[in-house]
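Remarks on the overall topology
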Amino acid sequence: MTRILVVGAGPAGVMAAIAAKRRDPAAAVALLSAEDAAPYEKPPLSKAVLLGRAMPEDAPIVPPDQLAGADIELGRGIAVQAIDRRRKCVVTADGRCLPYDRLVLTTGGRLCELAVAPRATPGVHYLRDAADALALRAALRPGRRVAVVGAGLIGLEVAAASATLGLATTVLDIAPSIMARAVPGALADIIQARHEAEGISFRLGIGIVACQAGAAGIVLRLADGTEITADIVVVGVGVRPDDGLAREAGLRTDDGILVDENCRTSDPDIFAAGDATRFRHAGSAGFRREENWRHALDHGAIAGANAAGGDAAYRAVPSFWSEQYDLFIQGVGSVQASAGDPVRRLHGERKLIHFHMADDRIHYAVGIGAAKEMALARRIIERGIAVPAETLSDPQVNLAALLR
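Residues numbered from 1 in each chain as written. Predicted model: local features only at pLDDT ≥ 70, side-chain atom pairs only at ≥ 80, totals over all residues. Heavy atoms only, no water.

**Quick notes on the overall build of the protein chain**
This is how it is decided: Segments assigned H or I by DSSP are reported as helices when at least four residues long, segments assigned E as strands when at least two residues long, and all are numbered from the N terminus. Throughout, radius of gyration means the C-alpha value; the globule benchmark is 2.2 Å times the number of residues raised to the power 0.38. Relative accessible area decides the class of each residue, using a 1.4 Å probe on protein chains only: under 20% of the type maximum gives buried, over 50% gives exposed, and in between gives partly exposed.
When helices and strands are tallied, the protein chain shows nine helices and 25 strands. What you see for the protein chain is a C-alpha radius of gyration of 22 Å, in line with the 22 Å of a compact globule of 404 residues. Dimensions of the protein chain along its principal axes, counting C-alpha atoms only, are 60 × 60 × 35 Å. Looking at the protein chain as a whole, 52% of its 404 residues qualify as buried.

**Topic: the side chain of E41**
Note the threshold: Positive charges come from Lys and Arg alone, negative charges from Asp and Glu alone, with His and the N- and C-terminal ends not counted. Any Lys or Arg side-chain nitrogen located within 4 Å of an Asp or Glu carboxyl oxygen qualifies as a salt bridge. Nitrogen and oxygen atoms within 3.5 Å of one another constitute a polar contact, given that in protein one can donate a hydrogen and the other can accept it, and given that sequence-neighbouring residues count only through two side-chain atoms. For this analysis, residues touch if any pair of their heavy atoms sits within 4.5 Å.
Take E41: it is sitting in the loop between β2 (28-32) and α2 (66-69). Within the buried set, E41 has no salt-bridge partner at all; the shortest N-O distance to an opposite charge, 8.9 Å, is to K42. Polar side-chain contacts of E41 include one of 2.8 Å to the side chain of W293. Ignoring any residue separated from it by four or fewer positions in sequence, one finds E41 in contact with A59, P60, I61 and W293.

**What to know about the packing of helix α1 (residues 11-23) against helix α7 (residues 293-307)**
The test is simple: Between the N-to-C directions of two axes lies an angle of 0 to 180 degrees, each axis being a line fitted to C-alpha atoms and, for a helix, fitted only over the stretch in contact. Put simply, a crossing is left-handed when the front helix is turned counterclockwise from the back one by less than a right angle, and right-handed when it is turned clockwise. Residue polarity follows a fixed list, in which Ala, Val, Leu, Ile, Met, Phe, Trp, Tyr, Cys and Pro are nonpolar, Asp, Glu, Lys and Arg are charged, and the others, Gly among them, are polar.
At a closest axis distance of 7 Å, the pairing of α1 and α7 adopts a crossing angle of 30 degrees. Of the two possible hands of crossing, α1 and α7 adopt the one that is right-handed. Taking contact as the criterion, the partners of P11, A12, M15, A16, A19, A20 and R23 in α1 are, on α7, W293, A296, L297, G300, A301, G304 and A305. Taken together, the residues of the contact of α1 with α7 break down into 11 nonpolar, two polar and one charged.

**Quick look at the state of the cysteines**
In plain terms, the rule: When two cysteine sulfur atoms lie within 2.5 Å, the pair is treated as a disulfide.
Scanning all chains against the criterion turns up one disulfide. Shown here is the disulfide that connects C89 with C97, its sulfur atoms set 1.8 Å apart. The sign of the S-S torsion, about -70 degrees, decides the handedness of the disulfide formed by C89 and C97: left-handed. Free cysteine C112: the closest other cysteine sulfur is in C211, separated by 17 Å. On the basis of relative accessible area, C112 is assigned to the partly exposed category, the value being 22%.

**Details of helix α3 (residues 130-139)**
Burial in α3 covers these residues: A130, D132, A133, L136 and A139. Looking at the buried positions of α3, the neighbouring elements they touch are β9 (124-126), α4 (153-164) and β16 (232-235). Structurally, the start of α3 carries an N-cap: the backbone nitrogen of A131 is 3.3 Å from a side-chain oxygen of D129.

**Quick notes on the sheet that holds strand β4 (residues 80-84)**
Using the following cut-off: When DSSP finds at least two bridges between two strands, those strands are taken to pair.
Strands sit in the order β4-β5-β6 across an open sheet of three strands; the sheet is antiparallel. Pairing within the sheet leaves two strands with one partner each, and these edge strands are β4 and β6 (97-99). On average, each strand axis in the sheet is inclined to that of its neighbour by 25 degrees, with strand direction left out of account.

**Brief notes about the packing of aromatic side chains**
Rules: Ring pairs are drawn from Phe, Tyr and Trp, using the six-membered ring of Trp, whenever the two centres fall within 6.5 Å, and their geometry is named by plane angle: stacked under 30 degrees, edge-to-face over 60, tilted for the rest. For a Lys NZ or an Arg CZ to count as sitting over a ring, it must be within 6 Å of the ring centre and within 35 degrees of the ring normal.
As enumerated under the stated definition, the model contains two aromatic pairs in all. For the pair F279 and Y314, a centre-to-centre distance of 5.5 Å together with 85 degrees between the ring planes defines the contact as edge-to-face. Of the two residues, F279 sits in strand β20 (residues 277-279) while Y314 sits in the loop between α7 and β21 (319-324), which places them 35 residues apart along the sequence. Judged by its relative accessible area of 1%, Y314 is buried. Between W293 and W321, the aromatic rings sit 5.3 Å apart at their centres with planes inclined by 90 degrees, giving edge-to-face as the arrangement. Residue W293 is found in helix α7, and its partner W321 is found in strand β21; the two are separated by 28 residues along the sequence. The class of W293 is partly exposed, set by a relative accessible area of 30%. Classification of W321 as partly exposed rests on a relative accessible area of 29%. Sitting over the ring of F287, R280 keeps its end group 4.3 Å from the ring centre.

**Focus on the pattern of salt bridges**
Considering all chains together, one arrives at 24 salt bridges under this definition. The salt bridge involving R85 is made with D267; its shortest N-O contact spans 2.9 Å. Note that R85 is positioned in the loop between β4 and β5 (89-92) and D267 in the loop between β18 (257-259) and β19 (270-272), a separation of 182 residues in sequence. Look at D267 and you get buried, because its relative accessible area is 9%. R294 serves as the salt-bridge partner of D298, at 3.0 Å between the closest nitrogen and oxygen. Of this pair, D298 and R294 both sit in helix α7, separated by four residues, roughly a single helical turn. Residue class for D298 comes out partly exposed when judged on its relative accessible area of 21%. What makes R294 partly exposed here is its relative accessible area of 29%. Three or more residues are tied together by salt bridges with common partners; here these are K88, R102 and D269.

Listed below in structure tokens is the structure:
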């Protein structure tokens, strides 16, 4: 019987465990979670959970009985501290050595901390897990002032929740525009205007040089000498790969665990997937990173199946989505591969898509309120279909026709 251990119970880990069991039903598959909870989805933490409309456990990654029904062992509250490659086991915080024949690392990402406002600072919140979300929800009381540092997806979702709860909210970012890594300026302007309509203030293109508690609250001093005072500071300035276990075990790492298109690490018996990795994508050169839910699911499934004896290559097209008030924002493809000015397709004031092109092919599409069109764009990208820019820009052209 092959023993397959999966370390990390986020979407990549859950899908790895399920895929391994499907590929080899006779394998003994165990999923290890550092949290003492059933695997849950992270996206609702910055939305429904903060608004008090749901609890973290209301959004399980899979139905509660699916893992047990598939004969997958779920180990809760098991923190892995080291990998002993010679003995082929993982060492847990309580000193146990759990053996494996194949190991899958889905350790995710660690939050980047703001140097002037680290996690332990009173009144400062970071949002990564259920405990973080519940602590922040308890702090978002009426009449309080909120400063959100970081205008990416998480920061803006937290800001939207804060404004919806009626709290005075300011968003700060050193970048000159919001969601700078994900959306072009024209879409950023629409999203920012929607937040401003809810009363949110923005301070962009300027850094924070100090954070200090005072009698009136937490004072953030900006690089231009101005100050913002808040009762709550929420920091969302990105994540970095949690590759420490792999690095200390001697696996190849470089801003993430390096894996090939089959999710294999430099050790043939160890695989890795999701946010913790820098990976090769079938048909492309070099390594890259992705940090989104869909990538974690798809990458984890490949890693798990291959750990159980498969030889599948990772070919999935990554994507993201974000809900901010009544705006549904989506992106599909690889923004790093885009070249030149985007092609704009307009269906109305709040229904539009920007396509980033190279060699008459879509490499990245990002849109607002265009779920059907974005689903079609995904299929066009997956098939590598060449499309003239003038065709994409014409809203009278049905994208589905391009797939025939």
